[in-house]
Amino acid sequence: MESTFLQDNVFFIIAAMMSGGMLLWPMLSRNSAKEIDAQRAIRLINYEDAVILDVRDDREYAEGHPPNSKHISVERIGDRWHELEKFKDRPIVVIFQPGLRAGHAGAVLRKNGFKKVYNLSGGIDTWRRENLPMVKDR
């Protein structure tokens, strides 16, 4: 049986694809926010006057949210990010419902000049699990 170029070099092809992916990863992830744990988030809030941005939908936010948090649902962040313009020099901690929403919010903010954007790892579930304060809208 004759072998083909691809069969003979499958290892090298896979290695080339993986190394290319590793080279592209920093460029692709540059616009997303860095993930932090709850303790780092609390330090940012207490010592660097970080803003908590809750990007969950209206119903989720009304059921309970961190005190003094700003609320802009991820669906509206592209149109309403400018409301956070006055906080551009402060750290922003993004709270979300676990899923893909936080990445989008962080990317929008970074694209618009926000340098200190952080996603709370695990989102609102982590906030609750750490027994951090929550308030409900009435």
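Rules behind the numbers
Residues numbered from 1 in each chain as written. Predicted model: local features only at pLDDT ≥ 70, side-chain atom pairs only at ≥ 80, totals over all residues. Heavy atoms only, no water. Helix = DSSP H or I, 4+ residues; strand = E, 2+ residues; numbered from the N terminus. Phe/Tyr/Trp six-rings, centres within 6.5 Å; stacked < 30°, edge-to-face > 60°. Buried < 20%, exposed > 50% of the residue type's maximum accessible area, 1.4 Å probe, protein only. Lys NZ or Arg CZ within 6 Å of the ring centre and 35° of its normal.

Student: Just checking my understanding: could you explain unusual backbone geometry for this structure?
Tutor: What you tend to see is this: most non-glycine residues have negative phi, and most peptide bonds are trans. In this structure, Asp 49 takes a positive phi of about 55 degrees despite not being glycine. Summarising the element assignment, Asp 49 is placed in the loop between helix H3 (38–48) and strand E2 (51–54).

Student: Looking at this model, I keep getting lost on the packing of aromatic side chains. Mind explaining?
Tutor: Across all of its chains, the model carries two aromatic pairs by this definition. Considering the side-chain rings of Phe 11 and Phe 12, the 5.6 Å spacing of their centres and the 75 degrees angle between planes classify their relative orientation as edge-to-face. Across the pair, exposure class does not vary: Phe 11 and Phe 12 are exposed alike. The residue whose ring lies beneath Arg 40 is Tyr 118, and the NZ or CZ to ring-centre distance is 5.6 Å. For the cation-ring pair, Lys 88 lies above Phe 114, with the distance from its terminal atom to the ring centre recorded as 5.6 Å.

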